[in-house]
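The residues making up each chain are set out below.
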Amino acid sequence: MTVSSKDLLNDLQARGLIAQMTAEDELKKHLDGESRTLYCGFDPTADSLHLGHLVPLLVLKRFQDAGHNPIALVGGATGLIGDPSFKAAERQLNTSDIVAGWAEKIRGQVSQFVKFDDVPNPARVVNNLDWAGEMNVLDFLRDIGKHFSVNAMINKESVQQRLNREGAGISFTEFSYALLQGMDFAELNRVYGCTLQIGGSDQWGNIVGGIDLSRRQNQSQTFGLTVPLVTKSDGTKFGKTESGAVWLDATKTSQYAFYQFWLNTADADVYKFLKFFTFLSLEEIAAIEKADQESAGKPQGQLILAREATRLVHGEEGLQAAERITHALFSGEADQLSERDLEQIQLDGLPSSSLLGINLSETPLTSLMADAGLAASGKQVKDALQRDSVFVNGVAKGLDDNMAAADIFTAANGYFGKYFLVKLGKKKHHLFVLS
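Below is a summary of the structure that appears in this document. Per chain, the residues get numbers from 1 upward, laid out in the order the sequence is written. With the structure being a predicted model, the display of local features is reserved for residues of pLDDT at least 70 and the display and counting of side-chain atom pairs for 80 or more, all residues being used for whole-chain, interface and lining totals. As a convention, hydrogens and water are excluded, and side-chain values are obtained from all of the structure's heavy atoms.

What to know about the overall build of the chain
The helix and strand inventory of the chain stands at 18 helices and twelve strands. Along the three orthogonal principal directions, the C-alpha set of the chain runs to about 80 × 50 × 45 Å. Under the scheme applied here, a residue whose accessible area is under 20% of the maximum for its type counts as buried, over 50% as exposed, and between as partly exposed, the area being computed with a 1.4 Å probe on protein chains only. Within the span of the chain, comprising 435 residues, buried residues form 50% of the whole. Of the contacts formed within the chain by residues at least 6 apart in sequence, a portion of 73% connects residues at least 24 apart. Both charge centroids of the chain, one from 42 positive and one from 54 negative side chains, sit 3 Å from each other. Where helices and strands are cited, they refer to DSSP runs of H or I of at least four residues and of E of at least two residues respectively, numbered from the N terminus. Whether two residues touch is decided by their heavy atoms; if any such pair falls within 4.5 Å, the residues are in contact. Positive residues here are Lys and Arg, negative ones are Asp and Glu, while His and the chain termini are left out of the count. Note that the charge is assigned to NZ on lysines, CZ on arginines, CG on aspartates and CD on glutamates.

A short note on the environment of K397
Inspection of the secondary structure puts K397 in the loop between β10 (390-392) and β11 (419-424). A residue is classified by how much of its surface remains accessible, and K397, at 76% relative accessible area, is exposed. K397 sits twelve residues away from L385 along the chain, and the two C-alpha atoms are 9.4 Å apart.

Some details on the environment of E308
Mapping E308 onto the fold places it in helix α15 (residues 301-331). Look at E308 and you get partly exposed, because its relative accessible area is 23%. For the pair E308 and F277, spaced 31 residues apart in sequence, the C-alpha separation works out to 8.0 Å. Beyond its immediate sequence surroundings of up to four residues, E308 is in contact with T278 and L280.

A word on the sheet that holds strand β9 (residues 352-354)
Pairing within the open sheet is mixed, and its four strands lie in the order β9-β12-β11-β10. The two strands at the open ends of the sheet, each matched to only one other strand, are β9 and β10. The sheet shows a mean angle of 20° between the axes of neighbouring strands, taken without regard to direction. Across three bridges, the pairing between β10 and β11 is antiparallel. Note on β11: the bridge partner recorded for V390 is L424. Strands pair, by our definition, only if DSSP identifies at least two bridges between them. Every axis corresponds to a line fitted to the C-alpha atoms, with the helix fit spanning only the stretch in contact, and the corresponding angles, defined between N-to-C directions, vary from 0 to 180 degrees.

Quick notes on the side chain of N393
Following the sequence through the fold, N393 ends up in the loop between β10 and β11. Engagement of the side chain of N393 in a polar contact is seen with the backbone oxygen of N413, the distance being 3.3 Å. Beyond its immediate stretch of four places on either side in the chain, N393 contacts N413, G414, Y415, Y419, F420 and L421. Within 3.5 Å is the distance limit for a polar contact, defined as a pair of N or O atoms, with the added protein rule that one can donate a hydrogen and the other accept it, and that residues adjacent in sequence qualify only through two side-chain atoms.

Observations concerning the sheet that holds strand β1 (residues 20-21)
With respect to topology, six strands assemble into an open sheet ordered β1-β6-β5-β2-β3-β4, the strand pairing being mixed. On the outer flanks of this sheet lie β1 and β4 (124-127), each paired with one strand and no other. Bridge analysis of strand β3 (residues 69-74) against β4 gives four bridges, and the strand direction is parallel. Among the inter-strand pairings, L73 is bridged to a residue of β4, identified as V126. Running at roughly 100° to strand β6 (residues 223-227), helix α2 (residues 24-33) makes contact with β1, β5 (194-200) and β6 of the sheet.

A word on a nonpolar patch on the surface
Patch membership is restricted to residues that have no salt bridge and whose relative accessible area is over 30%. Joining uses 9 Å for like charges and 5 Å for the nonpolar side chains Val, Leu, Ile, Met, Phe, Trp and Tyr. For the accessible areas, the method is Shrake-Rupley and the probe is 1.4 Å, while residue cover comes only from the protein chains on display. Between Lys or Arg on one side and Asp or Glu on the other, a salt bridge is scored when a side-chain nitrogen of the former is within 4 Å of a carboxyl oxygen of the latter. A cluster of nonpolar residues, V137, L138 and L141, forms a patch on the protein surface that exposes about 300 Å² of accessible area. Relative to the helices and strands, V137 is located in helix α6 (residues 137-144). With relative accessibility at 56%, the residue V137 sits in the exposed group.

Side note on the pattern of salt bridges
Tallied over the entire structure, the rule returns 18 salt bridges. Notably, a salt bridge pairs E24 with K28, separated by 3.5 Å at the nearest N-O pair. With a gap of four residues between them, E24 and K28 both fall in helix α2, about one helical turn apart. Judged by its relative accessible area of 33%, E24 falls in the partly exposed class. Among the salt bridges present, the one from E323 reaches R307, with a minimum N-O distance of 2.9 Å. The structure contains a network of salt bridges with shared partners spanning D47, K105 and K252.

What about the pairing of strand β12 (residues 428-433)?
Where β9 lies against β12, three bridges are found, and the strand directions are parallel. Along β12, the bridge assignment pairs S354 with V433. What sits between the antiparallel neighbours β11 and β12 is a turn of three residues, in which G425 has the positive phi angle 70°.

Written out as structure tokens, the structure reads:
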């Protein structure tokens, strides 16, 4: 769905995607006048963005769809410092080589969400190391530092939290982060005519600092807009699973695990997340919610959310792989899976074990499966084998409790010579890898 520039802010507000705005009435007029340039920054604090970055990324896309020019800023410089905003303690500083490598990966990720070619309002990706890295300390103190009041900076809520936390405090390095981010906005305003910065609600103080610096240095009026930090109705942190963060990089969180994350969304959150993470219209989302309320069967909101979000991040091919794996594990038709599908399952789709280094000839099949967590004891595995309730790559026949693991886990029996999907009963699954 494409929203006109005139209706863009109204649509964002209706979706719950605006936490704060500067000069709301003036910003609406500003956006209605013509195509504007806006930016959002992404610091390379890891080698991938995660789900927490997806809201501002998609807001950039929403602005581009409405005719505006988005800039995605990769923080090659700010990533070397670390943003102290609402962090409990000082960040671990990384080397310039590590940050540079992460910055390049994140540049590629943000490029998935905005268009650079064949549109009248192409996006661009910039790295703030390009200008911050060329500035010496005296120029920074004279040209940037003189415009920032220490009194105002100390009074920022994010700084006060650190100052008031016993044993924490804040270093001058992190204290200077707001100056670097303010310099980014002023630089983009000067070079590209950028007049709007968007970011998470924890960035409000930094954004206001950049607006003030742009006014002082460039005599330019600029604006800020923040998006809410996503929360779940049960109070747990959004974008986290038992195994950690949900990443946008498929080598860190597979397409299958990404898809499953959305399928497991609580009923209390699903329609809000449809507004945040999809481009379905508000009318379409309201119709989905109404149909789910009136249906006696399984709600469709989670399935639609999983499909739309996975397609956005991993493309049609990634969505098809996630759905294929989901169907195969549910139906037991694992012989339809590709080697890449099984690699996804090994990454994070199921509990998995390597058989490397295990003497399979001397390891009873019952012990191997119990040690992998398929049952509490070898006796339980034995009982399941006798009931033909243990399946290895979809086959239960020919298995018995007297077998050694070597009788089953051979290259000839494995998918692609090494993968063994084991199912015990209806719910216990495990992937063994012969490599």
